[in-house]
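Secondary and tertiary structure notes
Now for the letters of each chain:
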Amino acid sequence: MSGITEHDLTPRANLTIWGYFLLFAILMYVTLVALTIYFKAEAEHEHYVKVGSVKSQELIDLREQEKKELVGIEEAMEKVVRASN
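Keep in mind the model is a prediction, meaning the values are calculated, not measured.

1. Looking at the overall build of the protein
- Counting its secondary structure elements, the protein contains three helices and zero strands.
- Ordered by position from N to C terminus, the α and β elements of the protein give α-α-α.
- Taking 12 Å as the expected radius of gyration for a compact globule of 85 residues, we find that the protein reaches 35 Å, considerably beyond that expectation.
- If one aligns the C-alpha atoms of the protein with their principal axes, the spans along those axes are about 120 × 25 × 10 Å.
- Counting over 85 residues, the protein shows a buried share of 2%.
- Looking at the protein as shown, the accessible area adds up to about 8500 Å², and 65% of this sits on carbon and sulfur atoms.
- If the 9 positive side-chain charges of the protein are averaged to one point and the 13 negative ones to another, these points end up 6 Å apart.

2. Brief notes about the packing of aromatic side chains
- Considering all chains together, one arrives at two aromatic pairs under this definition.
- Pairing Trp18 with Phe21 gives two aromatic rings, centres 5.6 Å apart and planes at 90°, and the pair type is edge-to-face. Of this pair, Trp18 and Phe21 are both found in helix H1 (residues 11-52), three residues apart, which corresponds to roughly one turn of the helix. Here Trp18 and Phe21 have matching classes, each one exposed.
- Geometrically, the ring pair formed by Tyr38 and Phe39 is edge-to-face, given 5.1 Å between the ring centres and 70° between the ring planes.
- Among the residues examined, Tyr38 registers a relative accessible area of 45% and is labelled partly exposed.
- What makes Phe39 exposed here is its relative accessible area of 51%.

3. A word on helix H3 (residues 73-84)
- An ideal rise of 1.5 Å per residue puts 16 Å on twelve residues; H3 measures up with 17 Å between its terminal C-alpha atoms.
- A small share of H3 lies buried, amounting to zero of its twelve residues.

4. Notes on the confidence of the model for the protein
- Scored by pLDDT, the protein has a mean of 85; 91% of the residues are at 70 or more.
- Looking over the protein, one finds the lowest element-wise mean pLDDT in H3, namely 82, and the highest in H1, namely 93.

5. A look at a nonpolar patch on the surface
- Together, Leu22, Ile26, Tyr29, Val30, Val33 and Ile37 give the surface a local cluster of nonpolar side chains, amounting to about 600 Å² of exposed area.
- On the secondary structure map, Ile37 appears in helix H1.

6. Considering the environment of Leu15
- Relative to the helices and strands, Leu15 resides in helix H1.
- Through-space distance from the C-alpha of Leu15 to that of Gln57 is 60 Å; in sequence the pair is 42 residues apart.

Scoring rules and cut-offs
Residues numbered from 1 in each chain as written. Predicted model: local features only at pLDDT ≥ 70, side-chain atom pairs only at ≥ 80, totals over all residues. Heavy atoms only, no water. Helix = DSSP H or I, 4+ residues; strand = E, 2+ residues; numbered from the N terminus. Rg over C-alpha atoms; globule rule 2.2 N^0.38 Å. Buried < 20%, exposed > 50% of the residue type's maximum accessible area, 1.4 Å probe, protein only. Areas by Shrake-Rupley, 256 points an atom, 1.4 Å probe, with all protein chains shown as cover. Lys, Arg positive; Asp, Glu negative; His and termini not counted. Charge placed at Lys NZ, Arg CZ, Asp CG, Glu CD. Phe/Tyr/Trp six-rings, centres within 6.5 Å; stacked < 30°, edge-to-face > 60°. Expected span 1.5 Å × (residues − 1). pLDDT = per-residue confidence, 0-100. Patch = residues over 30% accessible without salt bridge, like charges linked within 9 Å, V, L, I, M, F, W, Y side chains within 5 Å. Salt bridge = Lys/Arg side-chain N within 4 Å of Asp/Glu carboxyl O.

Here it is, written out as structure tokens:
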């Protein structure tokens with residue numbers, strides 16, 4: 001035996017394998033980042049739909065307007081109840 005052995009893989013095949021591995025790692029990283037951004041945006045949207053819309057300035061203004069319009073309704077309802085008794 002002369003001590004010289006053949007390689008199981010050629011250097012080009014080895015580089016190809018590492019290239020595909022690197023490409024896969026980059027694609028996986030980009031996919032995870034994109035999914036994280038997407039789901040974070042969706043979670044913020046759902047939070048606004050469920051909580052933020054209740055606290056929106058438009059709704060607060062509408063409630064204030066309704067309070068002003070219904071100021072005397074409670075007293076009128078009491079008078080109606082007393083009159084029916």
